[in-house]
Amino acid sequence: MPSHLYADRPAQPPEPGSVDALISQTRQLRGEVDAVRRDTVVDDDAQGRWQRALCDLAVHHLDDLRAHLGQLKEGLPPTSAEFAALPQAAPETGAEAQQTRVGSAEWNLLTDEVSWSDELFQIFGRSPEAGALPLDELGSTLFAEDQPLLTAMVTACLVDGRPIDGEFRIVRADGRVRTLHMRGEPVLDSDGCTASMWAVLRDVSELRRSQRAVRESRDSLQRRQEIAQTERRLAVELQEAVLPPWRGSLRFPHDNTRALDVAAHYLPSATSALIGGDWYDALELPGGQSMLTVGDLTGHGVTATSGMAMMLGALRGMAMAGIEPGPLMGWLNQLLETSVQPALGSAVCCRYDPARRVLSWAQAGHPAPLLFRRGQGRSLLPPEGVLLGATSGAAYGQAEERLEVGDVLVLHTDGLTPRSIEFSKADGTERLLALAPHFSAARSAQDCVRLVIGEFGEGEREDDACVLVARIGS
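Since we're looking at a predicted model, the values are computed, not measured.

Thresholds applied
- Residues numbered from 1 in each chain as written.
- Predicted model: local features only at pLDDT ≥ 70, side-chain atom pairs only at ≥ 80, totals over all residues.
- Heavy atoms only, no water.
- Salt bridge = Lys/Arg side-chain N within 4 Å of Asp/Glu carboxyl O.
- Helix = DSSP H or I, 4+ residues; strand = E, 2+ residues; numbered from the N terminus.
- Buried < 20%, exposed > 50% of the residue type's maximum accessible area, 1.4 Å probe, protein only.
- Polar contact = N/O pair within 3.5 Å; in protein donor to acceptor, adjacent residues only side chain to side chain.
- Contact = heavy atoms within 4.5 Å.
- Pairing = 2+ DSSP bridges.
- Axes fitted to C-alpha atoms, helices over the stretch in contact; angles between N-to-C directions.

Novice: It is not clear to me how the pattern of salt bridges should be interpreted in this structure. Could you clarify?
Specialist: Following the criterion strictly, the structure yields 16 salt bridges and no others. Measuring nitrogen to oxygen at the nearest pair gives 2.7 Å for the salt bridge that ties R209 to E206. With R209 and E206 both in helix α8 (residues 205-242) and three residues apart, this pair spans about one turn of that helix. R209 gets classed as partly exposed once you look at its relative accessible area, which sits at 25%. The partner of R450 in a salt bridge is D447, and the shortest N-O contact between them spans 2.8 Å. Within this pair, R450 and its partner D447 are both found in helix α13 (residues 445-456), separated by three residues, close to a single helical turn. Taken together, the salt bridges that share partners define one network made up of R373, R374, E404 and D407.

Here is the structure:
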């Protein structure tokens, strides 16, 4: 029974130093056992053969132990949480755990006498009254595919005088399957002929089951890693294909003196291996107007990026068709409701008319745009709007804001200013608004984006994020 001191303490991964110490101790113990094996008096009696065989088995399994400790030191590539989720080998119970592991046998070829130790009867699940099995009947307890191996080992031992060292599986009388490791040698008479054969058999069923579980777990983890890498590659390729290809500042309409200077940036997650559903876009519309948008879908990976591609494609199409931001959000909500893979999303969509310098915008459970003017910043008052996909038939309001030359508009997704122990959502917004004096001195939207990245791009990020900056030209 485990000590009560550790009953409620979760298992912790071993420290590298402790594993190194175990490897060193195993190596030293292996050398000591090897020395005992060399110094063992060579006798042809059963006791001497028994001692040599036990030494051989001990050396063999100490080598196995050192190899396993080496694997433990190297560690597994995935996280411990992933490994814990894998199926583990069932431990032996009750009678199985208490069974004797090592037994011995001798088969006399001259008298046909067979001698089994009590431990070997227990391993085979055979009563002593039933008697020991002669060599020609021993194979009847083996798996059919293992019988040729035993035949070859015994023949090589009896005919060629070779030692026996191999494993096979038996089916006991009670139906249980056991794996046995057999080591043995021929016993020669005074004329150098084989008189008998002795062997030591060890039940290694639990050891092999544990090794098989480790191997299957490792293979399963490798498959998971390969699948995750493939999904990440597909998600990255899909995201790169959907998000705007332009880098640096973008100005439109190109033939208007009141051009809108736009720049954007995607900030990947530092802790997640998968790409999220964040997007940004800026699009020149018919009649000289412009569309600005950022948004985010729940989830990560191919599912999120494919949903993002669907939403962004629909948004672009409806904006080009002249649908205003408020009704446009209603159609996006309906689209998300009817999609094959349900999800929730937040978004903000703006339409800018340079002739009137008026920004019309709507939002769906998303942070409001921030307006910076003459060294001061504030959040725009958001119109009504719930998360996309949250409510059927939801109505989305639309607001207008008159802009001035030199104004800076900042749109961002939730991940840019995440909640944490150190900062609340309001703290993140205040950090953005504190950049107002720097935005006033910036010469372009790209310079403003660099300021935002300098403030929020350092350190690890739990979620990916997008930021889009628009600067009103003269």
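Novice: What is the right way to read the side chain of D281 from this model?
Specialist: Counting through the fold element by element, D281 comes out in strand β8 (residues 276-284). At a separation of 2.5 Å, a polar atom in the side chain of D281 contacts the side chain of R316. Aside from chain neighbours lying at most four places away, what touches D281 is P244, M291, L292, T293, L312, R316 and L468.

Novice: Even after reading the chapter, I still don't get the sheet that holds strand β6 (residues 250-252), so can you show me in this structure?
Specialist: In a beta sheet, neighbouring strands are held together by backbone hydrogen bonds and run either parallel or antiparallel to one another. Strand order in the open sheet formed by six strands is β6-β7-β16-β15-β12-β13, and the pairing between neighbours is antiparallel. At either margin of the open sheet sits one strand with a lone partner, and together these are β6 and β13 (376-379). When strand polarity is set aside, the average angle formed by the axes of neighbouring strands in this sheet is 20°. Where strand β15 (residues 408-412) lies against strand β16 (residues 465-472), five bridges are found, and the strand directions are antiparallel. Note that in β16 the partner of V408 across the bridge is R471. Seen against the sheet, α13 touches β7 (260-267), β15 and β16 and runs at an angle of roughly 25° to β7.

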